[in-house]
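# Examination of the molecular architecture
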Amino acid sequence: MKKINLLLVISAFFILASCSRSESIQSIDEVNLYTLQYGKFQEQLSVSELNDVGNVRFGIAMQEGFFYIVNGESGKIMELNSYGDLLTLFYNEDSDTEHIVKNSQLIPNYVLHEVAYPFEYTGLVTVDSNNRIYAACTIPENRQEVSDDNSMLLCQAVLKFSRDGSEVEYIGQQGPGGTPFPSIKQIYTTEKDELVVVSTTTKGLCVYWFSVDGFLKYMIPINISDVPTYTETEIDSEVLITISNVVPDLESYNLYVQLDYYSSYFDEDSKIQSGINYLQSYLYTLDIENGTYESPIQIPPYEESVISDYTKLTYRMPYDFLGITKSGWKFFIVKTENGFDIEMFQNENQRVFRRHFNVNHSDIIYSAMNLTKDGIIDAIYIGKDCARVVWYRTDTLIASILKG
């Protein structure tokens, strides 16, 4: 178990704390790009039961102004431009979309590609610099496996599509045609067009890093038992660790590991654990070639104050690690009552910038959000009547910060 370097953490804390929550947090405008209607047709999104959020499987990615939207229920992936025009449609054979395409008498003004793999899309999607599309899928039950120690169901894979439809490839743990993955948490592509798959295991997370030709290059287990511990001396109760997220660096063979630390809370009368208290979050850089963690950066928590019976109570909670840009900016996000708050920083200067997105959550049933490599946050909001595709130009914010 590796311990936190307290001197570096403390110095980072004072630098990061220079931007306190008492400051006025500026808002970033939402740009509504286009809407998509619900239905069974090719240009529409299929959603049969919006109240069953667990079965609403959507995802979004953007590359060079083109949007890639996964619609899990209809077994299709749509490529659209920034005006919402459908350019390319990938659809699974034997899906509802396939039947509609075959029975349509209209000549489409977009390209159609049928996919021979009858997999169910989970909603996770990423795109590389050559517009190759990668989508996480759940494979049929008769092809699923159990791990050697019988602790995990190996039930998911990644499908890789070339933009022109000439290549469709199934990627498992070892590469093309490999063993299925445990449940996939997230997928990424790097600046070298290498695929990175993050899976959930019974011991924590496991990262599979593939070469550009699709074969396994590194497998990095990140187990709770091996991550750095929390060593603040004033904590006299048990400290619980959560591996919140793992994100690959886009340029080098490093992983960024967010660890959230909690302490056990005991009822003073019964002496029985009755809950947990959030302590702190740290972001570690893990060099996957030598397996070492560098000194961490402290992630300032989201804080919100509530007045109750003339008493001010302040609640603290961790941000979620959204991703990293090719220029090295780390983005963290948290859902608030009236939208989202984000934190952004680079390792080099350790200055924290906070901004807010105003979003009416009552109008949104389901949402999927993505950070592009250029620093734009795009999202698809599934509402009651239609879906909206929006973006937030955090890239121009970063440019103005650097210029200033």
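Our subject in this report is the structure included herewith. Because the structure is predicted, anything quoted here is derived from the model rather than measured.

## Focus: the nonpolar core
Membership of the largest hydrophobic core comes to 38 residues, with the highest contact counts inside it found for I222 and L255. For I222, the contacting residues outside a window of four places in its chain are K203, G204, L205, V207, V227, I243, V246, L255, V257, L286 and Y293.

## Some thoughts on the side chain of H113
Along the chain, the position of H113 falls in strand β7 (residues 111–115). Here the side chain of H113 touches D164 through a polar contact of 3.2 Å, landing on its backbone oxygen. Contact partners of H113, with chain neighbours within four places excluded, come to T88, L89, F90, Y91, R163, D164 and G165.

## Brief notes about the sheet that holds strand β29 (residues 353–358)
The strand order across the open sheet formed by five strands is β1-β29-β28-β27-β26, and the pairing between neighbours is mixed. Only two strands of the sheet have a single neighbouring strand rather than two, namely β1 (26–27) and β26 (320–324). Direction of pairing for strand β28 (residues 339–345) relative to β29: antiparallel, over a ladder of six bridges. Bridging across to β29, F340 finds its partner in F357.

## With respect to the sheet that holds strand β9 (residues 133–138)
Two modes of strand pairing occur in sheets, parallel and antiparallel, and in both the strands are linked by backbone hydrogen bonds. Pairing within the open sheet is antiparallel, and its five strands lie in the order β8-β9-β12-β13-β14. Lying at the two open borders of the sheet, with one neighbouring strand each, are β8 (120–127) and β14 (175–176). In the sheet, strand β13 (residues 168–172) pairs with β14 via two bridges, with the strands oriented antiparallel. By the bridge assignment for β14, I171 is matched with P176.

What counts as what
- Residues numbered from 1 in each chain as written.
- Predicted model: local features only at pLDDT ≥ 70, side-chain atom pairs only at ≥ 80, totals over all residues.
- Heavy atoms only, no water.
- Core = buried A, V, L, I, M, F, W, Y, C linked by side-chain atoms within 4.5 Å.
- Buried < 20%, exposed > 50% of the residue type's maximum accessible area, 1.4 Å probe, protein only.
- Contact = heavy atoms within 4.5 Å.
- Helix = DSSP H or I, 4+ residues; strand = E, 2+ residues; numbered from the N terminus.
- Polar contact = N/O pair within 3.5 Å; in protein donor to acceptor, adjacent residues only side chain to side chain.
- Pairing = 2+ DSSP bridges.

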